[in-house]
Amino acid sequence: MTAPGQPAKQGPRSLDPHLRRYAARTAGMTASEIRALFAVASRPEVVSLAGGMPHLAALPLESLSAEIGQLVAAEGLVALQYGSAHGVPLLREQICDVMALEGINGHPDDVVVTVGSQMGLDMVTRIFCDPGDVVIAEGPSYVGALGSFTAYQAQVVHVAMDADGLVPSLLREALEACKRAGQRVKFLYTIPNFHNPAGVTLAVSRRAEILEICRTYGVLVVEDNPYGLLGFDGQTYPALRSMDPDNVVYLGSFSKTFAAGLRVGWVLAPHAVREKLVLAAESATLCPPTLNQMIVSRYLSTQDWKGQIKTYREAYRERRDAAISALEQHMPQGSTWNIPDGGFYVWVTVPEGIDTKAMLPRAVTARVAYASGTGFYADGFGSRQLRISYCYPTPERIREGVRRLANVIEDEMQLAATFGATPGRQLSGPQTPSPDTA
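Note that the structure is a prediction, hence the values are computed from the model and not measured.

Chemist: Summarise empty space enclosed by the protein; cite the residues concerned and give the values.
Modeler: Taking a probe equal in size to a water molecule and rolling it over the atoms shows the remaining empty space. For the coordinates displayed, the defined rule picks out four cavities of 30 Å³ or more. Val98, Asn225, Leu229, Tyr250 and Trp266 are, among the 13 residues lining the largest cavity, the residues nearest its centre. Elements that contribute at least two residues to the lining of the largest cavity include exactly α3 (89-100) and β8 (248-253). In terms of residues, the lining of the largest cavity owes the most to one element, β8, which gives three residues. A class-by-class count of the residues in the lining of the largest cavity yields seven nonpolar, five polar and one charged.

Chemist: Which residues make up the sheet that holds strand β11 (residues 345-349), and what are the values?
Modeler: Taken together, four strands build an open sheet; the order of strands is β10-β11-β14-β13 and the sheet is antiparallel. Two strands close off the open sheet at either side, each with one partner strand: β10 (336-337) and β13 (371-372). Summarising the sheet, β10 and β11 pair through two bridges and their orientation is antiparallel. In the strand pairing of β11, Thr336 is matched with Thr349.

Chemist: Explain the pairing of β8 to me, and be specific about the residues and the numbers.
Modeler: Regular strands place their side chains on alternate faces of the sheet. Of all six residues making up β8, six are buried, and the element is well covered by its neighbours. Neither face of β8 is exposed, since Val248, Tyr250 and Gly252 on one face and Val249, Leu251 and Ser253 on the opposite face are all buried. Direction of pairing for β8 relative to strand β9 (residues 265-268): antiparallel, over a ladder of four bridges. Looking across to β9, one finds that Leu251 is bridged to Val267.

Chemist: I'd like a description of the side chain of Asn338, backed by residues and values.
Modeler: By the element assignment, Asn338 lies in the loop between β10 and β11. You can call Asn338 buried: its relative accessible area is 17%. Only 3.1 Å separates the side chain of Asn338 from the backbone oxygen of Ala198, close enough to count as a polar contact. Of the polar contacts made by the side chain of Asn338, one reaches the backbone nitrogen of Trp347; its length is 2.8 Å. What Asn338 contacts, discounting residues up to four positions off in sequence, is Ala198, Gly199, Val200, Ile324, Tyr345, Val346 and Trp347.

Chemist: Residues and numbers for the nonpolar core, please.
Modeler: Judged by nonpolar contacts, the single largest core of 70 residues is most densely connected at Leu91, Met99, Phe254, Phe258 and Ile388. Of all the elements, helix α11 (residues 305-330) adds the most residues to this core, at nine residues. With residues up to four places along the chain from it excluded, the contact list for Met99 reads Ile104, Val111, Tyr250, Trp266 and Leu268. One finds Val112, Phe187, Ile191 and Val278 within the second-largest nonpolar core, a separate group that totals 34 residues.

Chemist: Describe helix α7 (residues 204-216), and please don't skip the residues or the numbers.
Modeler: Every buried residue of α7 is listed here: Arg206, Arg207, Ile210, Leu211, Ile213 and Cys214. All buried residues of α7 project into a common sector of 160 degrees when viewed along the axis, lining one side. Seen from the open side of α7, the exposed residues pointing more than 90 degrees away from its buried face are Ser205 and Thr216. Phi turns positive one or two residues past the end of α7, at Gly218, with a value near 70 degrees.

Chemist: Kindly report on the sheet that holds strand β7 (residues 220-224), identifying the contributing residues and their values.
Modeler: The strand order across the open sheet formed by eight strands is β2-β9-β8-β7-β6-β3-β4-β5, and the pairing between neighbours is mixed. Edge positions in the sheet fall to β2 (111-114) and β5 (165-166), since each of these pairs with one other strand and no more. Packing against the sheet, helix α6 (residues 168-180) makes contact with β3 (134-139), β4 (155-162), β5 and β6 (185-190), and its axis sits at approximately 160 degrees to β4.

Chemist: Outline the packing of α6 against α7, supporting the account with residue identities and numerical values.
Modeler: For the pair α6 and α7, the least separation of the axes is 10 Å and the interaxial angle reads 10 degrees. Judged by the angle between their axes, α6 and α7 are roughly parallel. Here Pro168, Leu171, Arg172 and Leu175 of α6 lie close against α7, whose contacting residues are Arg206, Glu209, Ile210, Ile213 and Cys214. Here the residues of the contact of α6 with α7 are counted per class, giving six nonpolar, no polar and three charged.

Chemist: Break down the environment of Ala323 for me, citing the residues and quoting the values.
Modeler: Within the secondary structure layout, Ala323 lies in helix α11. Judged by relative accessible area, Ala323 falls into the buried class, the value being 0%. Along the chain, Ala323 and Ile388 lie 65 residues apart, while their C-alpha atoms are 8.4 Å from each other. When residues no more than four places from it in sequence are discounted, the contact partners of Ala323 are Tyr390, Ile398 and Val402.

Chemist: Provide a residue-level description of the environment of Val222, including the pertinent values.
Modeler: Topologically, Val222 is positioned in strand β7. Here the alpha-carbon distance between Val222 and Leu240, two residues 18 residues apart in the chain, equals 9.2 Å. Once you skip the residues sitting within four places of it in the chain, Val222 turns out to touch Val124, Phe187, Leu188, Tyr189, Thr190, Val249 and Leu251.

Scoring rules and cut-offs
Residues numbered from 1 in each chain as written. Predicted model: local features only at pLDDT ≥ 70, side-chain atom pairs only at ≥ 80, totals over all residues. Heavy atoms only, no water. 1 Å grid on protein atoms, 1.4 Å probe; cavity = no way out; pocket = protein on both sides within 12 Å on 5 of 7 lines; lining within 4 Å. Points joined across faces, edges and corners; volume = space filled by probe spheres on them. Helix = DSSP H or I, 4+ residues; strand = E, 2+ residues; numbered from the N terminus. Nonpolar A, V, L, I, M, F, W, Y, C, P; charged D, E, K, R; others polar. Pairing = 2+ DSSP bridges. Buried < 20%, exposed > 50% of the residue type's maximum accessible area, 1.4 Å probe, protein only. Polar contact = N/O pair within 3.5 Å; in protein donor to acceptor, adjacent residues only side chain to side chain. Contact = heavy atoms within 4.5 Å. Core = buried A, V, L, I, M, F, W, Y, C linked by side-chain atoms within 4.5 Å. Arc of directions from axis to C-beta. Axes fitted to C-alpha atoms, helices over the stretch in contact; angles between N-to-C directions. Parallel < 35°, antiparallel > 145°, perpendicular 65-115°, else oblique.

Have a look at this one:
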């Protein structure tokens, strides 16, 4: 016991005095181990093939600036005021026009505008998932989705893909295994078009089968589709939502087809789910920024947005071609990759014995950056994979970046041959999303 008048003995001091106060669900929030590296990677001498940033130089910036100025002058009292958690009515109507390009017959009342589709992911997970529930996701999967699932203490079960996307037979096996184990599967999360990070597209012939499997097992489908209009040949695929409106929640975004910095996305949900999403939006943000929504709405009303998407597709196709030709020219034997027909990403498998996460600091030292594969799995896999984003750098920078990357991999192969392969490391969970890994 402490003598009267003597101060109580202090236990070991924690670096975080609030540690015992946090909710249990924060234990799964893992800070990005590569964020500090990307602070270095943002330097101009480093070629970053990491982040999925759109090619904004293709936008008609002078015309847009004039339109935004007129918007504030004419409608500033509305644009700068609070709005509805549901979203600006005109924009919701226009969103339905955008989705119609992929066969979706949506109603504006069932559209909820969000602060980027990441907010939509968070809200959908919040209203459906209790701790311990299961989310089925492709392996690999989008890091931002994995972060949301982990934040709400959902378990992620990955299902493998092949060149035609999610494999139906493996989906059925995963759902059957969860059923036998007594696990509650809440939804399938899928990116059917030009997948992030894998770059593949779900074959049209598989779409109805996957929807039927999910209906059979009583599982909702969450369709995340930010890249669907960015097919290099101009082709659009029928959205899963268009094939099963009652069992599919659709996530969309203007970040990839217009401007990421405005942070305007949306959720199209069955009517009853819509009500829950509006309530979730009110508790999260009160309302999405009215000005940003009205800028997007004015853009859709006054600009040739379909022509702009065509311009984007052409720019990204040129960059894809530069990435693929450089990979073919420089990558060492034992490396493989897909050839995407749309979107932003190439998924690369490096020779055996190379750990892409362990290699990343040395790559940044060699003035090239990428996203290592482990960040796209919830279970620690992906150490032999990496994602190359070709959307932002010029074709010349892409070719130089791939050349530098290939040199780093060859150096790693020599080290592995001399000292043995680097042992793979398991992650405790997915990293929190950031613009570096978007």
